[in-house]
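Below are the chains, spelled out letter by letter.
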Amino acid sequence: MRHSKQKEDSNMPQSAVSDLARLALALPFALAPFAVSAQQDEITFHRDIEPILQRSCQNCHRVGGVGPMPLVTHEQVAPFAGLIEYKTGLRDRAGAMPPWYMEKNIGIQDYKNDPSLNDAEIEAIAAWAQSGAPKGDPAHAPEPLVFDDSVKWNAGEPDLIVKTNSVTKLAGTPDWWGEIDRVPIPLEEERYVKSVEIVEVNDVNFQAGTGRETVGGRYIFHHMIWSTAEIDESGKRVDSTVTSWPVHEVGRNPDIFDEDAGRLLRPGTYVVSDSVHLHSNGQDTTGHLEIGFRFHPVGYQPKYERTVLGLGNGVDISIAGNQSDQELHAYVALEDNIKIVTFEPHLHAPGERMCLEAIWGYTVETLSCVGYDHNWVRGYAYANHAQPLLPKGAILHIVGYMNNTGTNPNVPDPRNWQGSGNRSVTNMFIDLGMRVSLTDEQFAEEMAERRRVLNLGPNDHVIGCPLCTAPLVAPVPLVDVAASD
């Protein structure tokens, strides 16, 4: 509050001076209730901001974490209040923190492991930063989180960890693509996998302030396309033994498979990959990948089969220079009933956004729209009760939005035309999400369970399940007219 000092007016009547004096004495007492109310309404670090940071930020932004600065104490956070306001205010676009880009005003909104902030939390951070980042009463602080840096697995401690060979990438050297050494899987019996997570372990000092201040600048593995398979005497994969796994990409979250669709890991197989992409992170770095598998119990059998749709377009990618709001489209018609487990946009540097639509009859329904940041590749796992259930004959449609201008910080030279390719400065346009196929009986069972869980009535609507509340008509047996004559 600013205080000003008034000069006494020698021409002011004495009675007026006395009245002003009495008013000055009474004013603090008259305003006291309002002052208390204002203090109660003030947004403070310990009471309002610290719980948000604990839930969505501190796992990375702490001493020993991969974030560029710790955000634990008020002394650590307050200098960055304006930056935190800006980053969280981006909401669902490249650069937003936490790195979760699902748009909240369209489509399905229930996802697993969602760290994003709601509107009230974003507004609270903005108000706190703009009011000077007040600390508040330490008695209002939540219990501090305790981190165990010996645990590096977000999906939980793996049952099996397989390590690749170490490689060294020198600062300033060109990108490299190629194979890594094959690594045997140390298993004695087949096991079904419920989640797989890959982490890069390297000798970068995250807290030293060297290198590039992005998640991509802290690692040297950009991606690895990989599978497990037996190897024959000539060194080739045995096709009948191949299991493909989700692509590892920088900044990727763990892949948790559908509870009823675990993937099979066989003994006697190897981790194989002929598509590893390494890039310089600005300093000489030696690192390797660790693959963590979590298993279903012995005896588990999957209920559903995985289905591969190939939803993407690598042929017609044509992105003009110095233009924004360019669109790419791809479609696929469903030959089976499916359940969509995850939505995973995969674009490259110009990619800003992708939407997933379902077309059924005359209905076009948006399932999800997400922003895209090439530094953080995200897979968005739908909550069990929100996983889209689409009948055979439906069409899935993805729309990609490209910004190849100087306003996109991921594009090194916006003058260049871009087409399809593996490099970050060329492009891909794919939904790498996981889906499973369902028989007609399984599809009917899933819809019945959805109606039960959500307590759906005939006039309700649920996004992503066009037949959930439609009347089910019993099939009419076909009559052979010729035979009846």
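Structural data are supplied above this passage.
We now turn to the structure provided with this report. (Residues numbered from 1 in each chain as written. Predicted model: local features only at pLDDT ≥ 70, side-chain atom pairs only at ≥ 80, totals over all residues. Heavy atoms only, no water.)

### Points about empty space enclosed by the protein
A probe as big as a water molecule, rolled over the atoms, marks out the empty space that is left. Under the convention used in this document: Put simply, the grid is 1 Å and covers the protein atoms alone, a cavity is a trapped set of points that fit a 1.4 Å probe, a pocket is an open set with protein on both sides within 12 Å along at least five of seven lines, and lining residues have an atom within 4 Å of a point. Grid points are joined across faces, edges and corners, and a volume is the space filled by probe spheres set on the points. Helix and strand definitions here come from DSSP, where helices need a minimum of 4 consecutive H or I residues and strands a minimum of 2 consecutive E residues; each element is numbered from the N-terminal end. Three categories are distinguished: nonpolar for Ala, Val, Leu, Ile, Met, Phe, Trp, Tyr, Cys and Pro, charged for Asp, Glu, Lys and Arg, and polar for the others, with Gly belonging to the last.
All told, the structure shown has three cavities of 30 Å³ or more when counted by the stated rule. The space that makes up the largest cavity amounts to roughly 90 Å³. Lining the largest cavity are Val196, Glu197, Ile198, Trp226, Pro246, Val247, His248, Arg252, Asn253, Pro254 and Asp255. Among the elements that take part in the lining of the largest cavity, strand 5 (residues 191-202) stands out by supplying three residues, more than any other. Looking at the lining of the largest cavity, its residues break down into six nonpolar, two polar and three charged.

### As for the packing of helix 4 (residues 81-89) against helix 5 (residues 119-130)
Note the threshold: To obtain an axis, a line is fitted to C-alpha atoms, over the contacting stretch when the element is a helix, and the angle between two such axes runs from 0 to 180 degrees between their N-to-C directions. Angle categories are assigned with fixed cut-offs, so that under 35 degrees is roughly parallel, over 145 is roughly antiparallel, 65 to 115 is roughly perpendicular, and the rest are oblique. By convention the crossing between two helices is left-handed if the near helix lies anticlockwise of the far one by an angle smaller than a right angle, and right-handed if it lies clockwise. Should any heavy atoms of two residues lie within 4.5 Å, those residues are counted as being in contact.
Helix 5 packs onto helix 4 with a crossing angle of 155° between their chain directions and a minimal axis gap of 9 Å. What the angle tells us is that helix 4 and helix 5 run roughly antiparallel. Both helix 4 and helix 5 take part in a crossing whose hand is left-handed. In this structure, helix 4 contributes Ala81, Gly82, Ile84, Glu85, Thr88 and Gly89 to the contact, and helix 5 contributes Ile122, Ile125, Ala126, Trp128, Ala129 and Gln130. Partitioning the contact of helix 4 with helix 5 into residue classes produces seven nonpolar, four polar and one charged.

### Side note on the pattern of salt bridges
Selection rule: Salt bridges are defined as contacts in which a side-chain nitrogen from Lys or Arg sits within 4 Å of a carboxyl oxygen from Asp or Glu. Burial status follows relative accessibility: with a 1.4 Å probe on protein chains alone, a residue under 20% of its type maximum counts as buried, one over 50% as exposed, and anything between as partly exposed.
What the rule picks out here adds up to 19 salt bridges. The salt bridge partner of Asp255 is Arg252, with a shortest N-O separation of 2.7 Å. With a relative accessible area of 9%, Asp255 lands in the buried category. Accessibility expressed as a relative area gives 14% for Arg252, which makes it buried. A salt bridge links Arg415 to Asp413; its shortest N-O distance comes to 2.8 Å. Taken together, the shared-partner salt bridges connect Asp92, Arg93, Glu103 and Arg353 into one network.

### A word on the sheet that holds strand 24 (residues 435-438)
Defined as follows: One requirement defines pairing of two strands: DSSP has to find at least two bridges between them.
Strand order in the open sheet formed by four strands is 13-24-15-21, with antiparallel pairing between adjacent strands. Lying at the two open borders of the sheet, with one neighbouring strand each, are strand 13 (305-307) and strand 21 (389-390). In this structure, strand 15 (residues 337-340) lies alongside strand 24, joined through four bridges in antiparallel fashion. Among the inter-strand pairings, Ile338 is bridged to a residue of strand 24, identified as Ser437.

### Some thoughts on unusual backbone geometry
The amide bond that connects Met97 to the next residue, Pro98, takes the cis arrangement and shows omega of -5°. Turning to its location among the elements, Pro98 is positioned in the loop between helix 4 and helix 5. A positive phi angle is found at Asn113, which is not glycine, with a value near 55°. Examined against the element boundaries, Asn113 turns out to sit in the loop between helix 4 and helix 5. Relative accessible area serves as the criterion here: at 63%, Asn113 is assigned to the exposed category. Although it is not a glycine, Asp325 adopts a positive phi angle of roughly 55°.

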